[in-house]
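Commentary on secondary and tertiary structure
Okay, here's what each chain looks like letter by letter:
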Amino acid sequence: MGCGRVGSTLARSLEDRNHTVSVIDSEPDAFRRLGPAFNGDKVTGIGFDQAVLEKAGIRRAHAFAAVSSGDNSNIIAARVARETFGVQQVVARIYDPGRAEVYQRLGITTVATVKWTSDQVLRRLLPAGAEPDFRDPSGTIRLDHVGVSDVWVGHRTVHFQEQSHSRIAWIDRLGEGMLPTRDTVLQEGDRLHLVIREDQAAHAYAVLADGPEEE
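So, a few notes on the structure that sits alongside this text. Predicted model only: the values in this text are computed from it and were never measured. (Residues numbered from 1 in each chain as written. Predicted model: local features only at pLDDT ≥ 70, side-chain atom pairs only at ≥ 80, totals over all residues. Heavy atoms only, no water.)

**Observations regarding the overall build of the chain**
- Across its full length, the chain carries seven helices and 10 strands.
- Burial status across the chain gives 45% buried among its 215 residues.
- Once local pairs closer than 6 in sequence are excluded, the contacts in the chain between residues at least 24 apart make up 57%.
- Surface summary for the chain: the accessible area is close to 11,500 Å², and the carbon and sulfur share equals 47%. (Helix = DSSP H or I, 4+ residues; strand = E, 2+ residues; numbered from the N terminus. Buried < 20%, exposed > 50% of the residue type's maximum accessible area, 1.4 Å probe, protein only. Contact = heavy atoms within 4.5 Å. Areas by Shrake-Rupley, 256 points an atom, 1.4 Å probe, with all protein chains shown as cover.)

Spelled out as structure tokens, the structure:
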């Protein structure tokens, strides 16, 4: 939702990666930013209107990005996509970083304008592990930013690291960064910055999804 500079860049980036994309904007002229080579759907309307979302194919969507110029519109649209249509990968652009903690509690990943790039949203839309935040020049080590799955909530970070063969560099918790200790317990809403060997990434994501073995 939103075909400004960010939305149009994001749409083209996703399409370049062979994803099917629909773009919603209330102004038909905005679609000109997509350029003539864009093959996705262009839907004129209000992005939090359920009928408009249906027309854009929300029921088939793996992910939804609300990147219009209005905080309230973005959050409403993101909540409708997640709570009404069950889309799990939802990202909302916000101009007020102070709201981030509130939205994070609702299960909506937010990206504040002050640290905005389309790549940040792209990493959060694509399936977990598809795009690391950083990869060292040799291609051996990667840094990934991932949410804690429900199956790990209440378990210690040290057990996750041992079983996933990864290291937690730091945790984003309620809008602040924290360094884990051996006694740190994972909480709902935590986002982990994982350092992983490239050849162990698939294993780490499988452990994250499947949950802990007997401790």
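This is not the end of the story, as more comes after the structure.
**Focus: the nonpolar core**
- Formed by 21 residues in total, the largest nonpolar core has its most connected members in Ile24, Leu53, Ile58, Phe64, Phe85, Val87 and Val90.
- Elements represented by at least two residues in this core include exactly helix 2 (50-55), strand 3 (63-66), helix 3 (71-84) and strand 4 (89-94).
- Residue contributions to this core peak at five residues, all from helix 3.
- If sequence neighbours within four positions are ignored, Ile58 has contacts with Leu53, Phe64, Ala81, Phe85 and Val87. (Core = buried A, V, L, I, M, F, W, Y, C linked by side-chain atoms within 4.5 Å.)

**Examining the pattern of salt bridges**
- Per the stated rule, a full pass over the model turns up eight salt bridges.
- The salt bridge partner of Arg156 is Asp183, with a shortest N-O separation of 4.0 Å. Remark: Asp183 occurs in the loop between strand 9 (176-178) and strand 10 (191-197) and Arg156 occurs in the loop between strand 7 (141-147) and helix 6 (157-164); sequence separation between them is 27 residues.
- Its relative accessible area of 62% is what places Asp183 among the exposed residues.
- Across the pair Asp190 and Arg173 runs a salt bridge whose closest N-O atoms are separated by 2.6 Å. Residue Asp190 is located in the loop between strand 9 and strand 10, and its partner Arg173 is located in strand 8 (residues 167-173); the two are separated by 17 residues in the primary sequence. Grouping residues by exposure puts Asp190 and Arg173 together as buried.
- Each of Arg142, Asp144 and Glu198 takes part in salt bridges that share partners, so that together they form one network. (Salt bridge = Lys/Arg side-chain N within 4 Å of Asp/Glu carboxyl O.)

**Some details on the environment of Glu188**
- Counting through the fold element by element, Glu188 comes out in the loop between strand 9 and strand 10.
- For the pair Glu188 and Trp152, spaced 36 residues apart in sequence, the C-alpha separation works out to 8.8 Å.

**Overview of the sheet that holds strand 8**
- The strand order across the open sheet built from five strands is 6-7-10-8-9, with neighbouring strands paired in antiparallel fashion. Two strands lie at the open edges of the sheet, namely strand 6 (134-135) and strand 9, each paired on one side alone.
- Direction of pairing for strand 6 relative to strand 7: antiparallel, over a ladder of two bridges. Note that in strand 7 the partner of Arg135 across the bridge is Arg142.
- Against the sheet, helix 6 makes contact with strand 8 and strand 10, and its axis sits at roughly 135 degrees relative to strand 8, the strand it touches most. (Pairing = 2+ DSSP bridges. Axes fitted to C-alpha atoms, helices over the stretch in contact; angles between N-to-C directions.)

**Details of the side chain of Arg173**
- Judged by relative accessible area, which is 15%, Arg173 ranks as buried.
- Looking at Arg173, its side chain comes within polar contact range of the side chain of Asp190, at 2.6 Å.
- Not counting residues within four places of it along the chain, the set of residues in contact with Arg173 comprises Met178, Thr184, Val185, Leu186, Gln187 and Asp190. (Polar contact = N/O pair within 3.5 Å; in protein donor to acceptor, adjacent residues only side chain to side chain.)

**Quick word on the pairing of strand 3**
- The pairing of strand 3 with strand 4 spans four bridges and is parallel. Within strand 4, the position partnered with Ala65 by the bridge is Val91.
- On the question of chirality, the crossover connecting strand 3 to the parallel strand 4 by way of helix 3 is right-handed. (Right-handed = clockwise from strand over helix to strand, strands pointing away.)

**Points about unusual backbone geometry**
- With phi around 70 degrees, Asn18 is a residue other than glycine that occupies positive phi space.
- Here Asn18 is to be found in the loop between helix 1 (5-16) and strand 1 (22-25).
- Within the chain, His165 stands out as a residue other than glycine whose phi angle is a positive 60 degrees.

Note that all results are geometric; they support no functional claim without further evidence.
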